[in-house]
Amino acid sequence: MDVAAFEFQLMDHLLQLHEALMDGSYTPGPYTHFYIHEPKQRKISAATFRDRVVHHALCAVIEPRFEQVFIPDSYANRVSKGTHRAIDRLQQFSRKYRYVLRCDIRQHFASIDHAILLEGLRKLISEPEIMVLIDKIIAGGCDVLADEYNMAWFPDDDLFAICRPRGLPIGNLTSQFWSNCYLHSFDLFIKRELGCKAYLRYVDDFALFADSKQQLWKWKTALKLRLAALRLTIHDPKAQVLPTSNGIPWLGFVVYPGYRKVKARKVRHTTRRLQERYHAYCNGQISFAEFDASVQGWINYVRFADSWGLRRHVLKPIRIKPGDLRQKNSRAASRRYQ
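Residues numbered from 1 in each chain as written. Predicted model: local features only at pLDDT ≥ 70, side-chain atom pairs only at ≥ 80, totals over all residues. Heavy atoms only, no water.

Quick word on unusual backbone geometry
Positive phi, close to 45°, is recorded for Gln107, a residue that is not glycine. With respect to the secondary-structure elements, Gln107 resides in the loop between strand 3 (99-104) and helix 5 (108-111). One non-glycine residue, Asp156, adopts positive backbone phi at about 75°. With respect to the helices and strands, the residue Asp156 is situated in the loop between helix 7 (128-140) and helix 8 (173-193). Its relative accessible area of 82% is what places Asp156 among the exposed residues. (Helix = DSSP H or I, 4+ residues; strand = E, 2+ residues; numbered from the N terminus. Buried < 20%, exposed > 50% of the residue type's maximum accessible area, 1.4 Å probe, protein only.)

In structure tokens form, the structure reads like this:
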């Protein structure tokens, strides 16, 4: 059921959904799948609108419980956190410490083990009816990423380990939230057991800081063992201890202690996309308002780096048709293309 169909008889559908949740007859619907290709190919799975209503209602009930225990330096999919604050925090750490260990988890959403996830959720959710609903939602996405997962074997695994239910659909609000729940014990391990004072995480990307290379190499060995207990692995060759002065790749930027750059790959992709929109505008395929919206979106992205020279270089060749800026009636728009 799409959004328009659900909203056409909104109260009726909400009452039916409420009844199904109360009597336990609710069953998640099928997913719609599509792929995105930037920065790499990912399979996105969209739940039905009816199911997304349930996801939001469920998170509204259980999320406050977990927010009370999450570490402050976990930045993904949380109120008053987000990408830009994660970048700011990483730069703060880079100014304070000499070395960094930056890691990312392999096949993160495809690898999340259902039994381990449910065990962790039960620690803060005592209501059986809520756990039944959670179990249904998690089980409903079990095979969504099966074709994306390359089996990782861990000590004491037998041949049946390959049959363990795993994977959360990328695109669900619940998947994003449960990802934080799944890695919460890992966050506590880094902070409390390893004693790392400068640590932050954004989904499956995380960084540890210290003034000692040897300390960070020891922590790398320890965190790999802890992740194995969660049936997760890191991209080992990319997880190197480096001076913070070399710049840290982080969420589409390269962060230095004193400044930031947009990643070269991101520059190429967004600039190419902007040029395509400019040609479409010149050929009359899109309006000036549509093209200007693309320019504003690009500027809003790169402005979080030291990108004044980049913006001038990209926007300088653009020529606006006579009268379009007057129709726009905006001083800010005029300045963008001068």
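Still to come is the rest of the account.
Examining the pattern of salt bridges
Counted under the stated rule, the structure contains 14 salt bridges. One salt bridge connects Arg89 with Asp73, and the closest N-O pair in it is separated by 3.0 Å. On the criterion of sequence distance, the pair formed by Arg89 in helix 4 (residues 83-96) and Asp73 in the loop between helix 3 (49-67) and helix 4 is long-range, its members being 16 residues apart. We classify Arg89 as partly exposed; its relative accessible area is 25%. (Salt bridge = Lys/Arg side-chain N within 4 Å of Asp/Glu carboxyl O.)

Overview of the sheet that holds strand 8 (residues 253-255)
Read across the open sheet, the three strands follow the order 7-8-9; overall the sheet is antiparallel. Two strands bound the open sheet, and with one partner strand each, they are strand 7 (248-250) and strand 9 (260-262). Between one strand axis and the next, the sheet turns through 30° on average, direction left out of account. Strand direction decides the pairing type here: strand 7 and strand 8, joined by three bridges, are antiparallel. What sits directly across from Trp250, in strand 8, is Phe253. Across the sheet, helix 4 lies against strand 7, strand 8 and strand 9, angled at about 165° from strand 7, the strand it touches most. (Pairing = 2+ DSSP bridges. Axes fitted to C-alpha atoms, helices over the stretch in contact; angles between N-to-C directions. Contact = heavy atoms within 4.5 Å.)

Focus on the environment of Gln285
For Gln285, the location among the structural elements is in the loop between helix 10 (264-282) and helix 11 (288-302). Between the C-alpha atoms of Gln285 and Asp143, which are 142 residues apart in sequence, the distance is 41 Å.

Things to note about the nonpolar core
Core analysis: the biggest nonpolar cluster contains 97 residues, and Leu121, Ile134, Trp178, Phe206 and Phe209 have the highest contact counts within it. Take this core: its biggest share by element is eight residues, from helix 8. Those residues in contact with Trp178 that sit more than four places away from it in its chain are Leu58, Ile62, Leu117, Leu121, Ile134, Ile137, Ile138 and Leu168. (Core = buried A, V, L, I, M, F, W, Y, C linked by side-chain atoms within 4.5 Å.)

Here's the deal with the sheet that holds strand 4 (residues 199-202)
Read across the sheet, four strands follow the order 4-5-3-6 without closing on themselves; strand pairing throughout is antiparallel. Among the strands making up the open sheet, the edge pair consists of strand 4 and strand 6 (241-243). Averaged over all pairs of adjacent strands, the angle between their axes in this sheet comes to 25°, without regard to strand direction. Where strand 3 lies against strand 6, three bridges are found, and the strand directions are antiparallel. The residue bridging Leu101 from the neighbouring strand is Val241, located in strand 6. Contacting strand 4 and strand 5 (205-210), helix 8 crosses the sheet at an angle of about 165° to strand 4. In this fold helix 9 (residues 213-229) packs onto strand 3, strand 5 and strand 6, with an angle of close to 145° to the strand it touches most, strand 5.

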